[in-house]
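Structure at a glance
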Amino acid sequence: MTQFALPYFAFRDFPEGINQQVEQALVQVARGNQFILGEEVEAFEQELAAALQTGTALGVGNGYDALVIALKAAGVGAGDEVIVPANTFIATVNAVVQAGAIPVLAEPDLHTCNLTAKAASAALTAKTKALIPVHLYGQACEMDELMELAQQYNLTLIEDFAQAQGASYRGKPVGSFGHINATSFYPTKNLGALGDAGAVVTADADLAAFARMYRNYGQEQKYHNSIIGINSRLDTLQAAVLRVKLRHLPQLNQERQRLAQVYLKALQGIADLILPVTAPDSTHVYHIFNIRTRRRDELKAWLSEQGIQTAVHYPVPVHLQEAYTFLGHQRGSFPIAEELAATSLSLPLFPGMTETEQQAVITSIQTFFRTHG
Ligand SMILES: *Cc1c(COP(=O)(O)O)cnc(C)c1O
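Residues numbered from 1 in each chain as written. Predicted model: local features only at pLDDT ≥ 70, side-chain atom pairs only at ≥ 80, totals over all residues. Heavy atoms only, no water.

1. Considering the overall build of the chain
The condition is simple: The helix and strand labels rest on DSSP assignments: H or I over at least four residues marks a helix, E over at least two residues marks a strand, and numbering proceeds from the N terminus. The globule rule used here is 2.2 Å times the number of residues to the 0.38 power, and the radius of gyration it is set against is calculated over C-alpha atoms. When accessible area is computed with a 1.4 Å probe and restricted to protein chains, residues below 20% of their type maximum are described as buried, those above 50% as exposed, and intermediate ones as partly exposed. Residues are treated as being in contact if the distance between any of their heavy atoms lies within 4.5 Å. In this charge count, Lys and Arg are treated as positive and Asp and Glu as negative; neither His nor the chain ends contribute. Charge positions come from single atoms, namely NZ of Lys, CZ of Arg, CG of Asp or CD of Glu.
For the chain, the helix and strand inventory stands at eleven helices and 13 strands. The C-alpha atoms of the chain give a radius of gyration of 21 Å, which matches the 21 Å a tight globule of 373 residues would have. Seen through its C-alpha atoms, the chain measures out along the principal axes to roughly 70 × 55 × 35 Å. For the chain, with 373 residues in total, the buried portion stands at 57%. Looking at the chain alone, contacts between residues at least 24 apart form 70% of all its contacts between residues at least 6 apart. In the chain, the 26 positive side-chain charges and the 35 negative ones have mean positions that sit 2 Å from each other.

2. Details of the packing of helix H8 (residues 236-266) against helix H11 (residues 355-371)
The condition is simple: Helix axes are fitted only over the stretch in contact, all axes being lines through C-alpha atoms; the angle between N-to-C directions runs from 0 to 180 degrees. Orientation labels follow simple angle bins: below 35 degrees gives roughly parallel, above 145 gives roughly antiparallel, 65 to 115 gives roughly perpendicular, and whatever is left gives oblique. In this scheme the crossing of two helices becomes right-handed for a clockwise turn of the near helix relative to the far one and left-handed for an anticlockwise turn of less than a right angle. Note on residue categories: nonpolar means Ala, Val, Leu, Ile, Met, Phe, Trp, Tyr, Cys or Pro, charged means Asp, Glu, Lys or Arg, and polar means any other residue, Gly included.
Interaxial distance between H8 and H11 falls to 11 Å at its minimum, and their mutual angle equals 25°. Relative to H11, the element H8 is oriented roughly parallel. As H8 packs across H11, the resulting crossing turns out to be right-handed. The residues of H11 that touch H8, namely those facing Leu 259, Val 262, Tyr 263 and Ala 266, are Gln 358, Val 361, Ile 362 and Gln 366. Taken together, the residues that form the contact of H8 with H11 break down as six nonpolar, two polar and no charged.

3. Re the domain arrangement of the chain
Where we set the bar: Just so you know, the domain bounds were taken from an automatic or database domain assignment. Buried area is understood as the total, over both parts, of accessible area removed when two parts are fitted together, assessed with a 1.4 Å probe. By definition, a salt bridge exists where a carboxyl oxygen of Asp or Glu is found within 4 Å of a side-chain nitrogen of Lys or Arg. Any pair of nitrogen or oxygen atoms within 3.5 Å is treated as a polar contact; in protein, a donor-acceptor pairing is required on top of that, and neighbouring residues in sequence qualify only through side-chain atoms on both sides.
The domains assigned to the chain are domain 1 (18-243) and domain 2 (249-371). The distance between the C-alpha centroids of domain 1 and domain 2 comes to 25 Å. Domain 1 puts 37 residues into the contact, and the matching count from domain 2 is 33 residues. The junction of domain 1 with domain 2 conceals about 2,900 Å² of combined surface from both sides, 60% of it contributed by carbon and sulfur atoms. Counting the contacts that link domain 1 with domain 2 gives one salt bridge. Between Asp 281 and Arg 170 there is a salt bridge; the shortest N-O distance is 2.8 Å. One can count 21 residue pairs in polar contact (both at pLDDT 80 or more) joining domain 1 with domain 2. Looking at the side of domain 1 that touches domain 2, the elements with two or more residues in it are helix H4 (90-98), strand S3 (102-106) and strand S6 (168-169). A total of four residues in the side of domain 1 that touches domain 2 trace back to one element, the largest contributor, which is H4.

4. Brief notes about the site of the ligand
Quick note on the threshold: When at least one non-hydrogen atom of a residue lies within 4 Å of a molecule or strand, that residue is treated as near it. To be clear on the numbers: accessible area is Shrake-Rupley with a 1.4 Å probe, and residue cover counts the displayed protein chains and nothing else. Two kinds of site are reported from a 1 Å grid over the protein atoms alone, namely cavities, where a 1.4 Å probe fits but cannot get out, and pockets, open sets with protein on both sides within 12 Å along at least five of seven lines, and residues are called lining when an atom falls within 4 Å of a point. The way we define it, a molecule is inside a pocket or cavity when more than half of its atoms are within 2 Å of that pocket's grid points.
Contacts to the ligand come from 13 residues, most closely from Gly 63, Asp 160, Gln 163, Ser 184 and Lys 189. Here Gly 63 contributes a backbone N or O atom positioned 2.7 Å from an oxygen atom of the ligand. Within the backbone of Tyr 64, an N or O atom sits 2.9 Å from an oxygen atom of the ligand. For the ligand, the accessible surface in isolation is 380 Å², of which the surrounding protein chains cover 91%. The cavity where the ligand resides is the largest pocket.

5. Some words on the sheet that holds strand S1 (residues 56-60)
Condition: Any two strands are treated as partners once DSSP identifies two or more bridges connecting them.
Taken in spatial order, the three strands make up an open sheet running S1-S9-S8, and their pairing is antiparallel. Looking at the sheet topology across the chains shown, the edges are occupied by S1 and strand S8 (180-184). Going from strand to strand, the sheet's axes swing by 20° on average, the running direction of each strand aside. Bridge analysis of S8 against strand S9 (residues 198-202) gives five bridges, and the strand direction is antiparallel. Residue pairing across strands places Ala 182 opposite Val 200, the latter belonging to S9. Seen against the sheet, helix H2 (residues 39-51) touches S1 and S9 and runs at an angle of roughly 130° to S1. Across the face of the sheet, helix H3 (residues 63-73) comes into contact with S1, S8 and S9 while running at roughly 170° to S8.

6. With respect to the pairing of S1
Burial runs high along S1: five of the five residues are buried. Judged by which residues are buried, S1 turns out to be covered on both faces: Thr 56, Leu 58 and Val 60 on one side and Ala 57 and Gly 59 on the other are all buried. When S1 meets S9, the two strands line up antiparallel, connected through five bridges. Residue pairing for S9: Thr 56 is matched across the bridge by Thr 202.

7. Quick look at the sheet that holds strand S2 (residues 81-85)
Think of a sheet as strands paired side by side through backbone hydrogen bonds, with each pair either parallel or antiparallel. The four strands lie next to each other as S3-S2-S4-S5, forming an open sheet whose pairing is parallel. Each edge of the open sheet carries a strand with a single partner, namely S3 and strand S5 (156-157). Where strand S4 (residues 128-131) and S5 come together, two bridges link them in parallel fashion. Residue pairing across strands places Ala 130 opposite Thr 156, the latter belonging to S5.

Following this line, the structure appears as structure tokens:
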């Protein structure tokens, strides 16, 4: 008998036949002899902009570049401060530093794990130029208050929606609230490519024009450079893959939400276990299904013994990362971010996960709390 083994994430053919469609798209590009930008990239950009109900989407090399390009387009640079959540993936913060600005960390909400306007306003100074809410784990941030804050203090609002493609707030898709927004199509994201990929989206024509040039050496017309840009173009092969996946995104997200509901129902009321909470006006597309317990490390080890792999998003909050000691914070500076880092555990959840697999996770968690009293 082979031992039960469930990875934290697996690529499955869900919905059935999607892999074949992706392969066909790849072959088409390979035979088309257009490998950089071109029609396939433009078609994806238009389809993405339509799905996000926003003006312009521009394909770029990855999510990190998308953030950097958004910051550059917004004119963020030396001496500026940018407010970011203290519990985000490091890319958000690194991008601010790459743009030459100073990241200013703010506490997330303990329940939604997202940045709130209240925490952001406490981090405001005269130097604050931009605000980057991150729709963490796949849940849309509460945008009304954040937009109000940005307007009141004349801040550029940049959404990092790398984890939340397809999520919405008050019926409006994430990626359509900020002045200019950034996302990633890293393979395991809800909308994932077969390699690195990302996008910048904006309804502002000037910001779009800047981003379009900046991602391609600062040229609008070949060999005519009006600004000093970089090379961060969305690969044409990835655009073809993403066109296929984008068509299935609603179904992929619905499957994630269905799996999340099974966990939410089966795991309620167990010991000190805290399940993900969704704000009333937000939707959650469960890029990450994050549970919390004081006994996180023990539970993780137990599940691993049962053949179930889990992950921790994120074990070390930004202010305690060695790379960010220069910000001058210490343990205790952001108690909520630290609490989340100490107690969070991400359970396996991916489209195509079977009922047997999910039931094994549920049973193992129930058994842990029953037998490890
Ligand atoms: C994945 C991710 C990014 C960066 O994406 P890459 O494509 O890997 O550069 C940025 N922000 C958040 C919140 C992410 O989860």
